Amino acid sequence: MKSIRVAVAVAAAAVALSACSSPVQAGAAAVVGNERISMNKVNTDTQAYLAALKQNNLDESALGVPASQAVLQRLVNVSIAKQLMTRYKVQATETEVDAVLKDPGQFESPTINLLANAVPPSDARDYGRAMVGLTKLQQQFGGQAGQERLAQEFSSIRPIFNPRYGVLNPQRSQENPALFVDTGRFGQLTQQAQPQPQQG
């Protein structure tokens, strides 16, 4: 299942590089290609995710980012993956999804592996299907060489985030993993910061 983790890493990097903060539809947390992710969906998923963390004696602070940001990132990644699967006619069987959901990853526990990727139990199959799809797309594009192509395809669908979250963090790192830079309530500085996303 190593290729799945590679695909996820490629996906996350692509989103960080390609997303933009423009006005979105009312009530939307993000618009991803032809899909709208509602604030309600993010809030509901975040509550389910926090409950699952608590159930497993884990704390939001272990994420390094607010749970809502981790959930939003995962919803965006899954949405892009599903749209690419449709574009390239890639299918994921229930057996393949089952296999992904049983993968313990580096945590030696399938449950913890899902929680590390901001996936509550209620969204596990949707997430698993997207991960199977990304792995198959990478293989379709040429295995290891397909990583670059997958990143290009992934970044061709640009998510637009609600400015209330702040400005996208242009230099995400282990030290600063947050998806957004805090610019004050409701992103007043979004328009000002947008023209120069690549300073420094």
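Residues numbered from 1 in each chain as written. Predicted model: local features only at pLDDT ≥ 70, side-chain atom pairs only at ≥ 80, totals over all residues. Heavy atoms only, no water.

1. Examining the overall build of the chain
As a reminder of what qualifies: Numbering of helices and strands runs from the N terminus, with a helix taken as a DSSP run of H or I at least four residues long and a strand as a DSSP run of E at least two residues long. Note on contacts: a residue pair is in contact if any heavy atoms of the two residues lie within 4.5 Å.
The number of helices and strands found in the chain is eight helices and five strands. Going residue by residue from the N terminus, the α and β elements of the chain occur as α-β-β-α-α-α-α-α-α-β-β-β-α. Across the chain, contacts joining residues at least 24 apart in sequence account for 71% of those joining residues at least 6 apart.

2. What about helix H6 (residues 124–140)?
Heads up, the rule is: One fewer than the residue count of a helix, multiplied by 1.5 Å, yields its expected span. Using a 1.4 Å probe on the protein chains alone, a residue whose accessible area is under 20% of its type maximum counts as buried, one over 50% counts as exposed, and one in between counts as partly exposed.
Between its first and last C-alpha atoms H6 spans 24 Å; for 17 residues at 1.5 Å apiece the expected length is 24 Å, and the two agree. What H6 keeps buried is the set Ala124, Tyr127, Gly128, Ala130, Met131, Val132, Gly133, Leu134, Thr135, Leu137 and Gln138. Downstream of H6 by a residue or two, Gly142 has a phi angle that is positive, lying close to 120°.

3. Focus on the packing of aromatic side chains
The geometry of two aromatic rings is summed up by the distance between their centres and the angle between their planes. For clarity, the threshold we go by: Note on aromatic pairs: the rings of Phe, Tyr and Trp (six-membered ring only in Trp) are paired at centre separations within 6.5 Å, and the planes decide the class, stacked below 30 degrees, edge-to-face beyond 60, tilted for the rest.
Under the definition given, this model contains two aromatic pairs. Look at Tyr88 and Phe141: their rings are 5.3 Å apart centre to centre, the planes differ by 85°, and that puts the pair in the edge-to-face class. Of the two residues, Tyr88 is situated in the loop between helix H3 (67–87) and helix H4 (94–101) and Phe141 in the loop between H6 and helix H7 (146–155); the sequence distance between them amounts to 53 residues. For Tyr88, a relative accessible area of 23% corresponds to the partly exposed category.

4. What to know about the nonpolar core
Among soluble globular proteins, nonpolar side chains are generally buried collectively. Operational definition: Nonpolar core, defined: a set of buried Ala, Val, Leu, Ile, Met, Phe, Trp, Tyr and Cys residues in which side-chain atoms within 4.5 Å join the residues together.
Formed by 47 residues in total, the largest nonpolar core has its most connected members in Leu72, Val76 and Phe161. Contributing elements (two or more residues each) for this core: strand S1 (28–32), helix H2 (39–55), H3, H4, helix H5 (110–116), H6 and H7.

5. Remarks on unusual backbone geometry
Not every positive phi belongs to a glycine, and Lys89 is a case in point at roughly 55°. By the element assignment, Lys89 lies in the loop between H3 and H4. Overall, the relative accessible area of 71% leaves Lys89 in the exposed class. Its identity as a non-glycine residue notwithstanding, Ala118 has a phi of 60°, on the positive side. When you line up the elements, Ala118 lands in the loop between H5 and H6. The class of Ala118 is buried, set by a relative accessible area of 3%.

6. Section: the sheet that holds strand S2 (residues 35–38)
Within a sheet, each strand pairs with its neighbour through backbone hydrogen bonds, oriented either parallel or antiparallel. Worth spelling out the cut-off: The pairing criterion for strands is at least two bridges between them, as found by DSSP. Fitting a line to C-alpha atoms yields each axis, with helices limited to the stretch in contact; the angle taken between N-to-C directions then spans 0 to 180 degrees.
Taken in spatial order, the three strands make up an open sheet running S2-S1-S3, and their pairing is antiparallel. A strand with exactly one partner marks an edge of an open sheet, and here the two such strands are S2 and strand S3 (159–161). Geometrically, the sheet is characterised by an average inter-axis angle of 20° between neighbouring strands, direction not taken into account. Pairing geometry for S1 and S2, over four bridges, is antiparallel. By the bridge assignment for S2, Val31 is matched with Arg36.

7. Description of the environment of Arg129
Condition: Pairing of N or O atoms within 3.5 Å defines a polar contact, subject to two protein rules: one partner must be a possible hydrogen donor and the other a possible acceptor, and residues neighboring in sequence count only if both atoms are side-chain atoms.
Within the secondary structure, Arg129 sits in helix H6. Residue classification places Arg129 among the partly exposed residues on the basis of a relative accessible area of 26%. Residues within four places of Arg129 in sequence aside, it is in contact with Met85, Ala92, Glu94 and Val97. At 3.1 Å, the side chain of Arg129 forms a polar contact with the side chain of Glu94.

8. So, the pattern of salt bridges
As a reminder, the rule being used: For this document, the term salt bridge refers to a Lys or Arg side-chain nitrogen within 4 Å of an Asp or Glu carboxyl oxygen.
Under the definition given, this model contains 11 salt bridges. Across the pair Asp45 and Arg74 runs a salt bridge whose closest N-O atoms are separated by 3.0 Å. With Asp45 in helix H2 and Arg74 in helix H3, the pair connects residues that are 29 residues apart, well separated along the chain. Of the two residues, Asp45 and Arg74, neither departs from the other in class, the shared state being buried. For the salt bridge of Asp98 with Arg125, the shortest nitrogen-to-oxygen distance reads 2.9 Å. On the criterion of sequence distance, the pair formed by Asp98 in helix H4 and Arg125 in helix H6 is long-range, its members being 27 residues apart. A residue is classified by how much of its surface remains accessible, and Arg125, at 31% relative accessible area, is partly exposed. One continuous salt-bridge network, built from bridges that share partners, spans Lys41, Asp45, Arg74 and Asp123.

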